[in-house]
Structure formats: structure tokens, C-alpha cells
Amino acid sequence: MQVCNANNVKIYNLSAGKSLPEWLTDRQKRKLQNRDDDVRKRLELIQDFEMPSVSNCVKVSPDEQFICATGSYKPRFRCYDVHELCLKFEHGLDSDVVNFQFLSEDYSKVCFLEDDRFVEFHSQFGRLLRMRIPKYGRDLSYYPPSCDMYFVGVSSEIYRINLEKGRFMKPLQSSATELNCCEFNPVNYLFGCGSKLGHLECWDPRSRTRAGVLDIAVSNFVQDYDIKIVPEITAMKFRKDGLTVGLGTSTGHILLYDLRAMKPFNVKDHNYELPIKSIEFQDSQDLVLSMDSKILKMWNRNTGKPMTAIEPGVNLNQLCVVPNTGLIFLANEAPKVLTYFIPTLGPAPRWCSSLDSMTEELEEKSESTVYDDYKFVTRTELEELGLVHLIGTNLLRSVMHGFFMDMRLYHKAKAVADPFAYEKYRKTKVREKIEQDRTNRVQLKKLPSVNRDLAQKLMEEDEAQKSNPKKRVNKAVTSILKDDRFSAMFNNPDFQIDPESEEFRLINPVMSKLDKARKKREEKYALSKQFKEVEGEDEPEGRPSDEEGSSSSEDEHTWAEDVRKEHQKVTRERRAQEKANIKEERKKARLFEIKDGEEIGVKSDINKKKEAKKTLEERLQSSDKDSVTYVGGSLGNREMTFSLKKEKKANKNLEQKNMHQSERRKLKRAGGTLLEKPKAKFWMGKKV
């Protein structure tokens, strides 16, 4: 059993724990329970309350003695007896069930709507009848007074089957193209069905005429929630008062209507934009339970205030609330049928009254959320301590994004990993004590790390203004230091003033003027300490003396002269830099492109005329100088032969080499004599 406290509402998950495989025998299950603690400690409210893979529908019989569920794979129908808290029987089906309906107080008569257009009627022994409807069905409902079954689906017709006569009745013709859900009002048996176009159509089964149509798009909730498409009605539920109906849309909204009004009195948004699958009313707490494929929400019917929510982490298919109790079943895309108990909604059913005592015992126990004997550490801290190899062992307990470990083990590992940790701790404490003592001393000016000189000048200017109350205060100076908009200028290094930049040099005379003003204030303050004013020589306030006026005019003149000189200096440096750049560009190699219509070696018209006026001797001399020979044909074709100086040297070397080789040939002895046979030698007249 798991307990969560969502919005201060206790929710007990009775289906938590490991699920055993279906193919295991009873003996194997007992062995597994003895060996695995999680399996042994799990709580099973109903034994084998699960499906092989997926559960599609779950409902409680009208007499509240049986719980029936359908699922796959393979498709099947299971019935559980609440007195025995175990499986009573199981029937196999040919296809998956879209929805089913009890036709009696117990499980003896059940009607199944399957996803292959077939409808099956089951009795106690099994399938009684199987028939087919013209179109695929999506929902069904039963009308007890005339024993009629109503089917809605991918069609504008509402099919009716009379179970007493055993045949189809004339269908009701709807104005919608498709119908998604249907239900009978439990008080006046008004038949309502929700369509794909967002219309709620209500029919009177006695006269088989349509009583009225409600269009949910007419209300302002489409504009208020900025819905771009026409919302479909995917779920509906009538309240037991007979006047209230809840409609769930494909956009994740629940609209509560009074059947006498055209506009909803309350609209609830799930904020997931998923179609609503089930809606239930809880009358004791005046709550509405609405469910989509992700979450089950419980909220107040009149105000819409949320009470609590259940988000199991798997896709949900159908909601079932045991009447007048706090027990909830959820069919989902997992083997187990989820079971939750919420004491706030109501007491436990009679067949499991032990739940009340169990929850009371859990509430009486005061579990401390802080563990004094354990230390919570993250994975990075384990890496620093060198204890990563302990992950997966009994020494570490995984919780959320970290682990719990024994405090003694943590201290030992900390001492080994960092033996000087106590010394560091002691030094930090001593430093904190010294800082506390320093606060009682005289506070000095704290300059920022960026633009310290500018900040110091502004502080001095601010102090000078405060010391002279007769002078008009310059509010701009104080605002720069105290205004948050200029805080980045003294914190961000990107705003550091560069004294070598042109911008700073151009405004440097202005900054120097502030320095001169500061020096004059210091000199005036020093003179005031040495001399005292003579009575009767004071000048009226607000009017400067001749000396002050002359000094101020001289300051302005010198300041303007400094600005002009600085501008000239910057301009000269800029021009010199431009000239140096031009020289550097000229030194670099440049590429030229031949103009259109020009050819290499062909002279212009002016050069041609000059060449034509020259004599043959001058032309030959010029060709020898250029080492180029031009040969012209009768048709104007010309040929060029280049003779480079390197080629002349190569020819000369080749001639010298040939001469040397010829001389060598003359002096060289012929090698043919070496190949001749040696002459025979004779000794004492005999050949040796």
C-alpha cells in the first residue's frame, strides 16, 4: 500500500506492488512470495484483480456484490465476488470490448458491445446470443421499461434492439454524422447522446421523437479558451437529480449544464487537451470526478475548486466509483486494475471494512520525514567520496535524485576523502568571526571592481555637493551610482573604459575638467583653513566675484583649446594609419585581369603605328633585345618564339659537354681487344 498526500487529501493506492506472472503455478507463486519481500508485503484487496496485458472496462453490478472487468490479450471477461474477494469465473471473447452493460441486478445477464460490430448477450453459463449491428458501435445503453438496447456509433442512426421480441426496432434518425456516447436519465429516462459536431440530442423513448438539441459551441467557453476546432462530446453523465448533465469534450473540458438552460453554469479545463473519457458525480461531497487518458481530477461541482487528483503514470481507459464509498477502480493500459481508496470521499465498502481500521492506524503513526541516522547524498557527492561502486547495494537506498546512506559511513568516507575538512571548517568559522568584528569599525568607501576611477570621481563629486548646501545639487551624479539601470556599468567587465581608445581620448578633456574642479575645491578648502573672511566684504549669494568669473572663463577657454588639440591629434594619427595601410597593400602581390577584346602580346593601335614606321633593322634590334621573334603569315597569322637568357646558357653548356665527350672518345682505348682469345704458349716444342 502506498500513501500520497495530494492537496492535503490522503490517497491510498491498494494496487501498489509487484504483479505475479499469470503463467506461474500456485507452488511457484508461494516460493516467490517466500523469496521476495516486495511480493510478500504487498496488499491484494481482490485476488488476481488484473488482466494479461490491458484492462478496457470495469464496472460494479447494481447489487454491488460483483465486480466485472474486460480486457485483453486474449479478449476476456472476468467476474469477481466481493464476499470471497477472488475471481468467480472467466469467459473468453472473440474480440475486444468497447463497453458492456448489466441487464440484471447481478452478473447473470450482460450485454457486450465489441469493436467488430458484434453484440454479445451472456447469461450465467456463457454466451447466449451473438448478433451484428450495421455500423461500428461506440456506446450502448439499456432502457428497462421496454427492454430496449440502444446503440450509437459511426452513423447518424440510433439502433434499437428489443430484448423481449428479439429483433431490431426502427432506428432513431439523428441530425449528426457520428455519435460518441449515450445514456438514459435515471429519473425521467430521457435519452441523451453526444455527437461529433458538439451537439447533445435528447430523445423521448416513449414517443421516439427528439425532445431538444443543445449546441455546446454556442456558449462562450469556445472563445474564452481559444478553441480553434469544433469540440466533440466524448463523454456524458446525468446526475441523480435529473436536471444536471456533465459533458466531456475532445479538447479536455467538462461542461456542467442545467437541462433548462442553454449555457453551462460551470466549465472545467483539464489543461492537457486530451479527450475526456469518464465523468462521475459524488453527491455526498458535491464533487465531480472527471478522467482523461492521463489524470483523474476531483473538483467542486459549483465552484470548480480542485480537491485532489490521481496521476498513475499509465494511460487510463474507464473510471468506476463504488456507490456511497471512497473506493475507486481505474481500467488502464497495464495488467493491474488500479484500486484507490480515498477516505475523504466516503467510508470503505462493507466487504472490505478493514480498510478503515488500516487507514486509521497509518494516520495515528507519526512518521518523521527527517532521518537523523541517515545522510542524503547525490550522485556527484558519491563520486567525490569515491563510493560510486556502492550503488545497487544495501548500503545505499535510492530516493528521487539521490541516495540515503548511514551517517557513520558518510563521516568515515568524508574523513578519508578530505582529511583536512575540519581545518577548512575551522578557518571559515574564524574568518566569519573576524568579519563580524569588522562591522563595528569605521566603514570605508567600497569601490566597484569595474571603472573604479569613474566611481571614485562620482563619489567625490557627490560629497562635494553635500558639503556645500548653498550650491545646487546635481541629481544626475547621485542617480548614476544609485540607479539600478546603470549597475552593469560598474559590474560587467564589458563596460570597462579603455583609456587608449579614440572615444575616451576625445572626451578626456571633459574628464580632466572634473579633475581640475576637484583640485580647485581642495585648494579652496586649504585656503579656508588658513584665512578667515572679513566682515563687510561678502558678496551677494548667487553672484560670482570678478576673480571667480575670470577663472571660470579661463577654464572654459583652456578646456575648448584642449578639446581642439586632442581632435587634431586624433585626426593626424588616423591619417598616418591610413597611409601605412595603403603602403602595406601596395607591397602585397596583386592580380590583374585582361580587358575584354585584348590579347597577350598584341599591341594597341598607337604602338602598331609606331612599329610600322620603324625600319627592318630597328625591328630586328628590338626583337633581339626582347628575345622575341615574330613571324607573320600571308593571312595575318603571327607566331612568337621566346628565347630566354637561361636557354642560351644551357645551349652553351650543352656544346661544351659535347666537345668534352668527343675529346674523351679520341683518347679512350678500344675495349674490343680485351675480348679476344689469348694466344697459345709453347714449351720445349709442346703446347702448354
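Residues numbered from 1 in each chain as written. Predicted model: local features only at pLDDT ≥ 70, side-chain atom pairs only at ≥ 80, totals over all residues. Heavy atoms only, no water.

## Comments concerning a nonpolar patch on the surface
Note the threshold: Residues enter a patch when their relative accessible area is above 30% and they make no salt bridge; the linking distance is 9 Å between like charges and 5 Å between nonpolar side chains (Val, Leu, Ile, Met, Phe, Trp, Tyr). Areas reported as accessible are Shrake-Rupley estimates using a 1.4 Å probe. Residue values count occlusion only from the protein chains shown. One side-chain nitrogen of Lys or Arg within 4 Å of one carboxyl oxygen of Asp or Glu is enough to make a salt bridge. Numbering of helices and strands starts at the N terminus; helices are DSSP runs of H or I of at least 4 residues and strands are runs of E of at least 2. The buried label goes to any residue with under 20% of its type's maximum accessible area, the exposed label to any with over 50%, and the partly exposed label to all in between, with areas taken from a 1.4 Å probe on protein chains only.
A surface patch of nonpolar side chains, amounting to about 360 Å² of accessible area, comprises Phe125, Leu128 and Leu129. The residue Leu129 is located in strand S10 (residues 126–132) in this model. A relative accessible area of 44% means that Leu129 is categorised as partly exposed.

## Points about the pattern of salt bridges
Per the counting criterion, the structure on display carries 21 salt bridges. A salt bridge links Arg127 to Glu120; its shortest N-O distance comes to 3.2 Å. In this structure, Arg408 and Asp406 form a salt bridge, with 3.1 Å as the shortest nitrogen-oxygen distance. For Asp406, a relative accessible area of 22% puts it in the partly exposed group. What you see here is one network of salt bridges that share partners, running through Asp94, Glu114, Asp116, Glu120, Arg127 and Arg130.

## Observations regarding the confidence of the model for the protein
Put simply, the rule is: The predictor attaches a confidence to each residue, and that confidence, scored 0 to 100, is pLDDT. Residue contacts follow a heavy-atom distance rule, with two residues in contact if any of their heavy atoms lie within 4.5 Å.
For the protein, the mean per-residue pLDDT works out to 79, and 72% of the residues sit at or above 70. Contacts of residues 366–370 to residues separated by more than four positions or lying in other chains number 0 contacts, the stretch itself having pLDDT below 50. Overall, residues 535–551 carries pLDDT values under 50, and its contacts beyond four positions in sequence, including any with other chains, amount to 6 contacts.

## Some remarks on the nonpolar core
The line we're drawing: To form a nonpolar core, buried Ala, Val, Leu, Ile, Met, Phe, Trp, Tyr and Cys residues must be joined to one another through side-chain atoms within 4.5 Å.
Ranked by internal contacts, the top residues of the largest apolar core, which has 23 residues, are Val58, Ile67, Leu327, Phe329 and Trp351. Only strand S3 (54–60), strand S4 (66–72) and strand S28 (327–332) provide two or more residues apiece to this core. A total of 3 residues in this core trace back to one element, the largest contributor, which is S28. If near-sequence neighbours (up to four positions away) are discounted, Leu327 is found in contact with Leu14, Leu45, Cys320, Val321, Val322, Thr339, Tyr340, Phe341, Pro349, Trp351, Cys352 and Leu355. If you look at the next biggest cluster of nonpolar residues, it comprises 17 residues, including Leu289, Met307, Ile310 and Leu330.

## Remarks on the sheet that holds strand S14 (residues 167–173)
Spelled out, the test is: Criterion used throughout: strands pair if DSSP finds at least two bridges between them. Axis angles are defined between N-to-C directions and span 0 to 180 degrees, where every axis is a line fitted to C-alpha atoms and, for a helix, only to the segment in contact.
If you walk across this open sheet you meet the 4 strands as S11-S12-S13-S14, and the pairing is antiparallel. The outermost strands of the open sheet, each flanked by one partner alone, are strand S11 (137–143) and S14. On average, each strand axis in the sheet is tilted by 25° relative to the strand beside it, whichever way the strands run. Alignment of strand S13 (residues 157–162) against S14, held across 5 bridges, turns out to be antiparallel. Across the sheet, residue Ile158 finds its bridge partner in S14, namely Leu172.

## Some points on the packing of aromatic side chains
What counts is decided by this rule: Centre distance within 6.5 Å is the pairing criterion for rings of Phe, Tyr and Trp, where only the six-membered ring of Trp is used; planes under 30 degrees apart are then read as stacked, over 60 as edge-to-face, and the remainder as tilted. Look at NZ for Lys and CZ for Arg. If either is within 6 Å of the ring centre and within 35 degrees of the ring normal, a charge sits over the ring.
All told, the structure shown has 16 aromatic pairs when counted by the stated rule. A ring pair is formed by Phe49 and Phe329, whose centres lie 5.3 Å apart and whose planes are at 75°; its orientation type is edge-to-face. Within this pair, whereas Phe49 is found in the loop between helix H2 (37–41) and S3, its partner Phe329 is found in strand S28, the two being separated by 280 residues in sequence. With respect to burial, Phe49 and Phe329 carry one shared label: buried. Note on Tyr143 and Tyr189: the rings are 5.6 Å apart at their centroids and 80° apart in plane angle, and the pair reads as edge-to-face. A residue pair is termed long-range when its members are at least 10 positions apart, and Tyr143 in strand S11 and Tyr189 in the loop between strand S15 (179–184) and strand S16 (191–195) qualify at 46 residues. Given the relative accessible area of 30%, Tyr189 is considered partly exposed. Each residue in the set Phe66, Phe77, Phe89, Phe100, Phe102, Tyr107 and Phe112 is aromatic and connected to the rest through ring pairs, giving one cluster. The ring of Tyr136 carries Arg117 above its face, with NZ or CZ at 5.6 Å from the centroid.

## Describing the pairing of S3
The buried count for S3 comes to 6 of 7 residues, which makes it a mostly enclosed element. Across 6 bridges, the pairing between S3 and S4 is antiparallel. Among the inter-strand pairings, Cys57 is bridged to a residue of S4, identified as Thr70. Hairpin connection between S3 and S4: a loop of 5 residues separates the two successive antiparallel strands, and Glu64 in this loop has a positive phi of roughly 60°.

## Things to note about the environment of Asp148
Applied cut-off: Any pair of nitrogen or oxygen atoms within 3.5 Å is treated as a polar contact; in protein, a donor-acceptor pairing is required on top of that, and neighbouring residues in sequence qualify only through side-chain atoms on both sides.
In this fold, Asp148 is placed in strand S12 (residues 148–153). Along the chain, Asp148 and Asn162 lie 14 residues apart, while their C-alpha atoms are 4.5 Å from each other. Each residue touching Asp148, except ones within four places of it in the same chain, is listed here: Ser141, Tyr142, Tyr143, Arg160, Ile161 and Asn162. Here Asn162 takes part through its side chain, which lies 2.7 Å from a polar atom of the side chain of Asp148.

## Focus on the sheet that holds strand S6 (residues 86–92)
What the 4 strands build is an open sheet, ordered S3-S4-S5-S6; its pairing is antiparallel. Lying at the two open borders of the sheet, with one neighbouring strand each, are S3 and S6. Going across the sheet, the axis of each strand differs from the next one's by a mean of 20°, ignoring polarity.

## Notes on the side chain of Asn332
Within the secondary structure layout, Asn332 lies in strand S28. Only 3.0 Å separates the side chain of Asn332 from the backbone nitrogen of Ala334, close enough to count as a polar contact. There is a polar contact of 2.9 Å between the side chain of Asn332 and the backbone oxygen of Lys336. Beyond its immediate stretch of four places on either side in the chain, Asn332 contacts Val54, Ser55, Val314, Asn315, Leu316, Asn317, Val337 and Leu338.

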